[in-house]
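Working through the structure, step by step
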Amino acid sequence: MSAVFAILFVVIMIFVIMQMSPIGVKQMDTDELRTKRQNKEVQLLDVRTENEFAGRSIRGAKNIPLHTLKKRINELNPSIETAVICQSGMRSLKASKLLQKHNFINVKNVRGGMNNWK
């Protein structure tokens, strides 16, 4: 019986690690984001809460909190590069995976999020 629990535990841990892993999601640092924004090559999606966004945000970013993204995904253009940012990079990673599932062609997670934005 303990072997079954051990196997179940390992399977659950693999699932959790895969959900938090950036595998399959391209990454971009804040310097690359700054350059692309200057050249108007990217739409920027901020998936933090409204309060976080109001406290500090990047001019021109579209705020769609992660918990509302699935309902509001049609507010974004799936055919242009989309940079996704949050506070540290975890919520934006989840959002990036969701966008990819909805056929967004070029999605990049901003590594380190607003913590790295200067």
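Right above here is the structure, for reference.
Conventions used here
Residues numbered from 1 in each chain as written. Predicted model: local features only at pLDDT ≥ 70, side-chain atom pairs only at ≥ 80, totals over all residues. Heavy atoms only, no water. Salt bridge = Lys/Arg side-chain N within 4 Å of Asp/Glu carboxyl O. Helix = DSSP H or I, 4+ residues; strand = E, 2+ residues; numbered from the N terminus. Buried < 20%, exposed > 50% of the residue type's maximum accessible area, 1.4 Å probe, protein only. Contact = heavy atoms within 4.5 Å. Pairing = 2+ DSSP bridges. Right-handed = clockwise from strand over helix to strand, strands pointing away.

**Overview of the pattern of salt bridges**
Inspection of every chain in the model, using the stated rule, returns nine salt bridges. In this structure, Arg91 engages Glu52 in a salt bridge whose closest nitrogen and oxygen atoms are separated by 2.8 Å. A residue pair is termed long-range when its members are at least 10 positions apart, and Arg91 in helix α5 (residues 90-101) and Glu52 in helix α3 (residues 50-55) qualify at 39 residues. What makes Arg91 partly exposed here is its relative accessible area of 25%. One network of salt bridges, with partners in common, ties together Glu32, Lys36, Glu41, Glu81 and Lys108.

**Re the environment of Ile64**
With respect to the helices, strands and loops of the structure, Ile64 is situated in the loop between β3 (62-63) and α4 (69-72). Between the C-alpha atom of Ile64 and that of Leu76, which follows or precedes it by 12 residues, the distance is 9.8 Å. Setting aside chain neighbours within four positions, we find Ile64 in contact with Leu45, Asp46, Val47, Leu69, Arg72, Glu75 and Leu76.

**Details of the pairing of strand β5 (residues 107-110)**
Burial along β5 is two-sided: Val107 and Asn109 and Lys108 and Val110, pointing in opposite directions, are all buried. Inspection of the sheet shows strand β1 (residues 26-28) paired to β5 by three bridges, in the parallel sense. Looking at the pairing, Gln27 lines up with Asn109 of β5. The sheet contact formed by strand β4 (residues 82-85) and β5 spans three bridges and is parallel. Within β5, the residue paired with Ala83 across the bridge is Lys108. Running through α5, the crossover from β4 to the neighbouring parallel element β5 is right-handed.

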